[in-house]
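# Working through the structure, step by step
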Amino acid sequence: MPYKCQCPSQRIKTHNLKVRSMFKACDGRGTTKIFLSIIYTKIPHQICQHSQHSTPICRSGKCEIHRKCSLMSSLALTPFKAGLFVGKSIIVTGGGTGLGYAIAKELVSLGAKVVIAARRIEVLEAAASEMNKSSQRGGKIYVCQCNVRNEDDIQKLVTFALETMGGIDGLVNNAGGQFVSPVENISARGFKAVVETNLLSCFMLSKEIYNRWWSQQEDRKRSGSIVNIILANKNGFPMMAHSGAARAGVENLTKSMALEWIGRGVRVNCVAPGIIYTESGFANYGEMAGAFLSSVLPCIPAHRCGTAEEVSSLVVFLLSDAAVYITGQNMGVDGGMGQGTIPLRPQDHGASLLPVYGELPMKARL
Ligand SMILES: CCCCCCCCC/C=C/C(=O)SCCNC(=O)CCNC(=O)[C@H](O)C(C)(C)COP(=O)(O)OP(=O)(O)OC[C@H]1O[C@@H](n2cnc3c(N)ncnc32)[C@H](O)[C@@H]1OP(=O)(O)O
Ligand SMILES: NC(=O)C1=CN([C@@H]2O[C@H](COP(=O)(O)OP(=O)(O)OC[C@H]3O[C@@H](n4cnc5c(N)ncnc54)[C@H](OP(=O)(O)O)[C@@H]3O)[C@@H](O)[C@H]2O)C=CC1
């Protein structure tokens, strides 16, 4: 069956899809809809994973879209004007992988100096050398090994950032994580590890920068923006109760810091991602991740995971001066997840027409 790419810039016919099943359904108002279930037969070309193409397209290397995609993937995707972060210095914890990587990459492409910090120095170094290729107008990535659960490491990170960048304008508390377990099996040590990783770290690093930099402004010219990455856990978070509790703590801490520090020009906000596909993040869950994806995708109103770029653009906005009147907020990036109560409207379980901003593999969509 000929297949037409939905890409807005160009339409290409491929002949690699065949109809697996076809069924009719009545919508209750006399209209019959036909649903097709298709499978890929032979795929001589790879599937394009670029943002604008939520459907498979030719990747033979000969087609124009493929050429453009290859060029664009080495650059950061950003809706912001070039040079927006020139002269700005920002710390991104967990900046060597996943969401942190996307945020750091977008910032450096806008001219920022960025320190990325995490435990694995080799991962940070590899990421920095890759991201520095996207750097624009003096933007640069620096790396600092740091376990955010350790207060000495936090102090060293702030010293390093002040010495290398000459100041700190923004902080993204992104490093974090948890393991999957029912409440009754979590040990006190395990619970503490997750609280330290996600909540204590955020308190320690924000406070350290405030005390050593933002509160030291004699001329009141310094200002700052903190963005705390939490979870979409408006309700409980079964199987990750420790993380749900820790992130709820971060959300409340955010409001207190926002109110206490507003007079010093420091804003503090949270970003709460839903299910965002990052290879590194999902790798933490091994084989469970695949099963989790297939059960969760039909329940996400967008019928797909989010992309790291979709989170990054909000974080970058909150770090920017365009967000100076926004503080103490928690903003979701979750494809509508968590906004409903009872699912009175039946799920149609088809792919969504919502476009994708950034890169998303086919397995992370319905
Ligand atoms: C359904 C599919 C969902 C699929 C995915 C669904 C995702 C939904 C949305 C969320 C996505 C993400 O967050 S993606 C990001 C995920 N990234 C991460 O999680 C990376 C960071 N995480 C971590 O480093 C770890 O999870 C964390 C516990 C925080 C720290 O681990 P460490 O080993 O460094 O900690 P330690 O201090 O050595 O260990 C302390 C104790 O923690 C406990 N512990 C540590 N790992 C454990 C484990 N895997 N299982 C049990 N217990 C564990 C033990 O009791 C340890 O004590 P002893 O027994 O005495 O040793
Ligand atoms: N992906 C998703 O669906 C969602 C993710 N989140 C949160 O977003 C953040 C980023 O997730 P994602 O990018 O997907 O996953 P990753 O696993 O790629 O990111 C976690 C990062 O945190 C760093 N990190 C973990 N523990 C520590 C520590 N003790 N000290 C310093 N750095 C640490 C890791 O580096 P290293 O191991 O080298 O230290 C890694 O770079 C996390 O807080 C995650 O919980 C929230 C909701 C959904």
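Residues numbered from 1 in each chain as written. Chains lettered and ligands numbered in written order. Predicted model: local features only at pLDDT ≥ 70, side-chain atom pairs only at ≥ 80, totals over all residues. Heavy atoms only, no water.

Where an unreviewed UniProt entry is consulted, the protein appears under the name Peroxisomal trans-2-enoyl-CoA reductase, with the organism given as Nannochloropsis gaditana. Its UniProt record gives the protein a comment under Function (unreviewed entry), which states: "Participates in chain elongation of fatty acids. Catalyzes the reduction of trans-2-enoyl-CoAs of varying chain lengths from 6:1 to 16:1, having maximum activity with 10:1 CoA. Has no 2,4-dienoyl-CoA reductase activity." (UniProt positions renumbered as here; feature names shortened; annotations may be inferred.)

Our focus in this paragraph is the site of ligand 2. Looking at ligand 2, there are 28 residues lining it, with T97, R119, R247, T278 and S280 nearest. Between ligand 2 and N147, the relevant distance is 2.9 Å, taken from a nitrogen atom to a side-chain nitrogen or oxygen of the residue. Residue V148 places a main-chain N or O atom 2.9 Å away from a nitrogen atom belonging to ligand 2. The fraction of the free accessible surface of ligand 2 (860 Å²) that becomes covered by protein chains is 91%. (Near = heavy atom within 4 Å. Polar contact = N/O pair within 3.5 Å; in protein donor to acceptor, adjacent residues only side chain to side chain. Areas by Shrake-Rupley, 256 points an atom, 1.4 Å probe, with all protein chains shown as cover.)

Time to look at helix α6 (residues 241-261). Two residues of an α-helix separated by three or four positions point the same way, owing to the 3.6 residues in each turn. Over its 21 residues, α6 extends 30 Å from the first C-alpha to the last, a length consistent with the 30 Å expected when each residue adds 1.5 Å. Listing the buried residues of α6 in full gives H242, S243, G244, A246, R247, V250, L253, T254, M257, A258 and W261. Buried-residue contacts for α6 involve α5 (188-212), β9 (224-229) and β10 (266-273). (Helix = DSSP H or I, 4+ residues; strand = E, 2+ residues; numbered from the N terminus. Expected span 1.5 Å × (residues − 1). Buried < 20%, exposed > 50% of the residue type's maximum accessible area, 1.4 Å probe, protein only. Contact = heavy atoms within 4.5 Å.)

A few words on the site of ligand 1. Near ligand 1 you find 19 residues, and of these R149, Q178, S187, R189 and N284 are the closest. One of the side-chain nitrogen or oxygen atoms of Q178 is found 2.7 Å away from an oxygen atom of ligand 1. Between ligand 1 and S187 there is a distance of 3.0 Å, counted from an oxygen atom to a side-chain nitrogen or oxygen. Expressed as a share of its isolated accessible area of 1,200 Å², the protein-covered part of ligand 1 is 63%. Mapped by element, the contributors of at least two residues to the shell around ligand 1 are α5 and α8 (288-296). Class assignment of the residues belonging to the shell around ligand 1 gives a composition of eight nonpolar, eight polar and three charged. (Nonpolar A, V, L, I, M, F, W, Y, C, P; charged D, E, K, R; others polar.)

Quick look at the pattern of salt bridges now. It is possible for side chains bearing opposite charge to pair when their charged atoms get close. Tallied over the entire structure, the rule returns five salt bridges. Here R212 and E208 are joined by a salt bridge, their closest N and O atoms 3.0 Å apart. One end of the pair is R212 and the other is E208, both in helix α5 and four residues apart, which spans about a single turn. You can call E208 buried: its relative accessible area is 11%. (Salt bridge = Lys/Arg side-chain N within 4 Å of Asp/Glu carboxyl O.)

Moving on, we come to the sheet that holds β9. If you trace the seven strands from one edge of the open sheet to the other, you get β7-β6-β5-β8-β9-β10-β11, paired in parallel fashion. Edge positions in the open sheet fall to β7 (140-145) and β11 (330-333), since each of these has one partner strand only. Strand-to-strand twist of the sheet, defined as the mean angle between neighbouring strand axes without regard to direction, takes the value 20°. For strand β8 (residues 170-173) and β9, the ladder comprises four bridges, and the chain directions are parallel. Bridge pairing in β9 links V172 to V227. Packed onto the sheet, helix α2 (residues 98-109) meets β5 (89-93), β6 (113-118), β7, β8, β9 and β10 and runs at close to 165° relative to β5. Most of the contacts of helix α3 (residues 121-131) go to β7, to which it runs at about 180°, and overall it touches β6 and β7. (Pairing = 2+ DSSP bridges. Axes fitted to C-alpha atoms, helices over the stretch in contact; angles between N-to-C directions.)

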